[in-house]
Amino acid sequence: MLKLLWRRVSPWKLCLLASLVVLGLNVTLHWRFDKLEWGAEGVGNSDWRGLSEQVFRSHGFHGTFENRLRKLMEKSTDVGLDVIKIQNEAPMSVSYTENLIECEDFVKITNRTYLESGWTKAVYKGYYRGDPVAIKTVDVRGHHLRSCVTKGRNHGDCYQLAAQKIVKEIVVLQAIAHNNVVKVLGFCVPGTNRDIQEVAMVTELGEGVDLIKLLQMSWEDRFRISYDISSIIEWMASSHYGSLAMNDFRRQQFVLVNGSLKLSDVDDLGFGDPVCEVDNECTLRFASSNFTQTLPCKEGKCSNYNEMKNLFNGGRHFTTFLLPHGAPESLRPLVDRVVDGYSNLTLNSRQILRLMKKIKSLYISGKYLNRPIQQFSKDYQLYPASDLPGKFDYRCRLSLSGSGCTRSAYDVMEASTICDADPECRGFVVSKQTTWSGRMLVHFKSGYGQPEKNIDTSLYVRTT
């Protein structure tokens, strides 16, 4: 009988049947997650409850979220996040707005496309009211869920455990809100809406921090990233919640949002310096760099431990190889001091950020040029409202464009200096576009022909 049935059923029908079975299992899994309750095997983390209580009290959560989030936090069984008890009087650094994306708004997120997966989460890109956003949810095919199931637990319980990480991330990202921390735009927790069956969070969309791309950036953009990481580390050293540590410091934990570096992964964020009794218990060791430093033990805590750990890792992954290359000559002494502070921990985060602010001020103001007051070079002829679009473009070092030679300049005088130093340059076009620091964008040309009218640009041609 079985052999006869096998002959009658075609292979494509069997494939269709298998697909329907898998789809049914997934739907069942999502429905099971609707009644989100935690098992009795774990004890709630009092430190984590301290943080969540403060978030609820200070932010004034929307009523549709409050009860469910309280239950999730108070019955959290995940002890993977090292969080100390947050003092009740510590102020929160962010408040919710009326524009928070809620459960019923998720259907308005259009053009969803898969981006990537991690250990626990899957990330998708979408558009909400025309703006790009990132959606994070549990990866049903992720390692966390699969390894949990192989240990004998059912899919529903494993999904719940994975979802805890996302709920914690929602609260932590809000608690440590900073200009260089990815912004939470909204979230949905099961039970707040009967039509929504999954935990999900919406944040501003960023692009991954790729090493090759970093090295190809202009010095100005690499300085911006170095400045951002200095700002993050300085804030973490003295946050409202004490000293914070990025325990698993990697470039993959950051994203670039409109060119600005932001921390996006807080799974391994630690709160508070390590406890100690003697100085020998406060030794920082970086085996890969063969660097060791012992810090003092003060009042039962390793003084500045997290700060120095963040600084060394921040330099190793970002600043020490991004900042020196291509730096203006007059800024090199300040740059060298910053690099030494990161590499050898000779400065604290506040001192480093002060140096970075000085470099930024000198660069944006043009004072780094160290030039006397003088007239613009007579070796260039000005053609107002003129352009050479797509003509005489050539490749040059440190270009902001992949198809031509585009660089930033403080003013026309600096642009002419750059052109004079380049044997291929015969002129340049100044646009009204500016970089993040306010410097103008300049397109350098290898030749000259009949210009075209363009009220937004000016053409300068070498006469010698």
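Note that this is a predicted model, so its numbers are computed, not measured.

Peer 1: What is the right way to look at the overall build of the protein chain in this model?
Peer 2: When helices and strands are counted, the protein chain shows 12 helices and 21 strands. For the protein chain, the residues scored as buried account for 49% of the 464 residues in total. Intrachain contacts of the protein chain at a sequence separation of at least 6 include 68% that bridge at least 24 residues. Here the protein chain displays about 23,800 Å² of accessible surface, and carbon together with sulfur accounts for 51% of that area.

Peer 1: Looking at this model, I keep getting lost on the nonpolar core. Mind explaining?
Peer 2: One recurring pattern in soluble globular proteins: nonpolar side chains tend to sit buried together. Grouped together as the largest cluster of nonpolar side chains are 77 residues, with contacts concentrated most on Ile-176, Phe-254 and Phe-318. For this core, the element with the highest residue contribution is helix α6 (residues 155-175), accounting for 11 residues.

Peer 1: Hey, could you run me through the sheet that holds strand β3 (residues 131-138) in this one?
Peer 2: In sheet architecture, strand pairing relies on hydrogen bonds along the backbone and comes in two forms, parallel and antiparallel. Taken in spatial order, the 5 strands line up as β1-β2-β3-β5-β4 in an open sheet, and their pairing is antiparallel. Only two strands of the sheet have a single partner each, and these edge strands are β1 (110-117) and β4 (184-188). Adjacent strand axes in the sheet meet at a mean angle of 25 degrees, parallel and antiparallel pairs treated alike. Bridge analysis of strand β2 (residues 121-128) against β3 gives 8 bridges, and the strand direction is antiparallel. Residue Lys-121 lies in a different strand from β3, and its bridge partner there is Val-138. Here α6 sits on the sheet in contact with β2, β3, β4 and β5 (200-204), set at roughly 140 degrees to β3.

Peer 1: In this structure, what is going on with the packing of helix α8 (residues 219-237) against helix α9 (residues 305-322)? I would like to understand it.
Peer 2: Helix packing geometry: the angle between the two helix axes and the distance between the axes. At a minimum axis separation of 10 Å, α8 and α9 run at an interaxial angle of 180 degrees. In terms of orientation, α8 and α9 fall into the roughly antiparallel class. Residues Trp-219, Arg-222, Ile-225, Ser-226, Ile-229, Ile-233, Met-236 and Ala-237 of α8 pack against Glu-307, Asn-310, Leu-311, Gly-314, Phe-318, Thr-319 and Leu-322 of α9. Here the contact of α8 with α9 is built from residues that sort into 9 nonpolar, 4 polar and 2 charged.

Peer 1: I'm lost on the sheet that holds strand β9 (residues 260-263) in this one. Help?
Peer 2: Sheet architecture is open: 3 strands sit in the order β6-β8-β9, paired in antiparallel fashion. Strand pairing shows two members of the sheet lacking a second neighbour, β6 (207-208) and β9, which therefore form its edges. Bridge analysis of strand β8 (residues 254-257) against β9 gives 4 bridges, and the strand direction is antiparallel. Bridged to Leu-256 within β9 is Leu-261.

Peer 1: What is the right way to read the confidence of the model for the protein chain from this model?
Peer 2: If pLDDT is low for a region, its predicted coordinates should not be looked at in detail. For the protein chain, per-residue confidence averages 77 on the pLDDT scale, and residues scoring 70 or more make up 76% of the total. Predicted confidence is poor over residues 1-9, with pLDDT under 50, and the contacts of this stretch with residues over four places away or in other chains come to 2 contacts. Scored below 50 in pLDDT, residues 192-196 makes 10 contacts in the model with residues more than four places away or belonging to other chains.

Peer 1: It is not clear to me how the state of the cysteines should be interpreted in this structure. Could you clarify?
Peer 2: Put plainly, a disulfide is one covalent bond tying together the sulfur atoms of two cysteines. Applying the stated criterion across every chain yields a total of 5 disulfides. Note that Cys-148 is cross-linked by a disulfide to Cys-158, the S-S spacing being 2.0 Å. Classification of the bridge connecting Cys-148 and Cys-158 rests on its S-S torsion, roughly -80 degrees, and on that basis the disulfide is left-handed. Of this pair, Cys-148 sits in helix α5 (residues 143-150) while Cys-158 sits in helix α6, placing them 10 residues apart in sequence. Given a relative accessible area of 0%, Cys-158 falls into the buried group. Between the sulfur atoms of Cys-282 and its disulfide partner Cys-302 the distance amounts to 2.1 Å. Since a negative S-S torsion denotes a left-handed disulfide, the Cys-282-Cys-302 link at about -80 degrees is left-handed.

Peer 1: What is the right way to look at the pattern of salt bridges in this model?
Peer 2: Side-chain pairs of opposite charge can arise whenever the charged atoms involved come near each other. With the rule as written, the count across this model stands at 14 salt bridges. For Asp-105, the salt bridge is made with Lys-108, and the minimal N-O distance between the two is 3.4 Å. Residue class for Asp-105 comes out buried when judged on its relative accessible area of 12%. Look at Lys-108 and you get partly exposed, because its relative accessible area is 46%. Close ionic contact of Lys-136 with Glu-169 constitutes a salt bridge, the shortest N to O distance being 3.1 Å. Linking Lys-136 in strand β3 with Glu-169 in helix α6, this pair joins segments that are 33 residues apart in sequence. Each of Lys-121, Lys-136 and Glu-169 takes part in salt bridges that share partners, so that together they form one network.

Peer 1: In this structure, what is going on with α5? I would like to understand it.
Peer 2: Count 3.6 residues to each turn of an α-helix, and residues three or four apart come out pointing the same way. Taken residue by residue, α5 has His-144, Leu-145 and Cys-148 as its buried positions. Each buried residue of α5 sits inside an arc of 95 degrees when the element is viewed along its axis, so together they form one side. Contacts from the buried residues of α5 go to α6. In the segment just after α5, Gly-152 is the residue with positive phi, at about 105 degrees.

Calculation notes
- Residue indices begin from 1 for each chain and proceed along its sequence in written order.
- Side-chain atom pairs in this predicted model are given and counted only at pLDDT of 80 or more, local residue features only at pLDDT of at least 70, and totals for whole chains, interfaces and linings cover all residues.
- The basis for every side-chain value is the complete set of non-hydrogen atoms in the structure, without hydrogens or water.
- Numbering goes from the N terminus for both helices and strands, where a helix is a DSSP run of H or I of at least four residues and a strand is a run of E of at least two.
- Burial classes follow relative accessibility: with a 1.4 Å probe on protein chains only, a residue under 20% of its type's maximum area counts as buried, one over 50% as exposed, and anything between as partly exposed.
- We call two residues in contact whenever any of their non-hydrogen atoms come within 4.5 Å of each other.
- Each accessible area is a Shrake-Rupley result for a 1.4 Å probe, and residues are judged covered by the shown protein chains and nothing else.
- By nonpolar core is meant a set of buried Ala, Val, Leu, Ile, Met, Phe, Trp, Tyr and Cys residues that side-chain atoms within 4.5 Å join together.
- In short, DSSP must find at least two bridges between two strands for them to pair.
- Working convention: axes come from line fits to C-alpha atoms, limited for helices to the stretch in contact. Angles between N-to-C directions cover 0 to 180 degrees.
- Roughly parallel here means an angle under 35 degrees, roughly antiparallel means over 145, roughly perpendicular means 65 to 115, and every remaining angle is called oblique.
- Under this grouping Gly is polar, as are all residues other than the nonpolar Ala, Val, Leu, Ile, Met, Phe, Trp, Tyr, Cys and Pro and the charged Asp, Glu, Lys and Arg.
- Note on scores: pLDDT gives the predictor's confidence for each residue, bounded by 0 and 100.
- To count as a disulfide, a pair of cysteine sulfur atoms needs to be within 2.5 Å.
- Salt bridges are counted wherever a side-chain nitrogen of Lys or Arg sits within 4 Å of a carboxyl oxygen of Asp or Glu.
- To be clear, the arc concerns the directions from the helix axis to the C-beta atoms.

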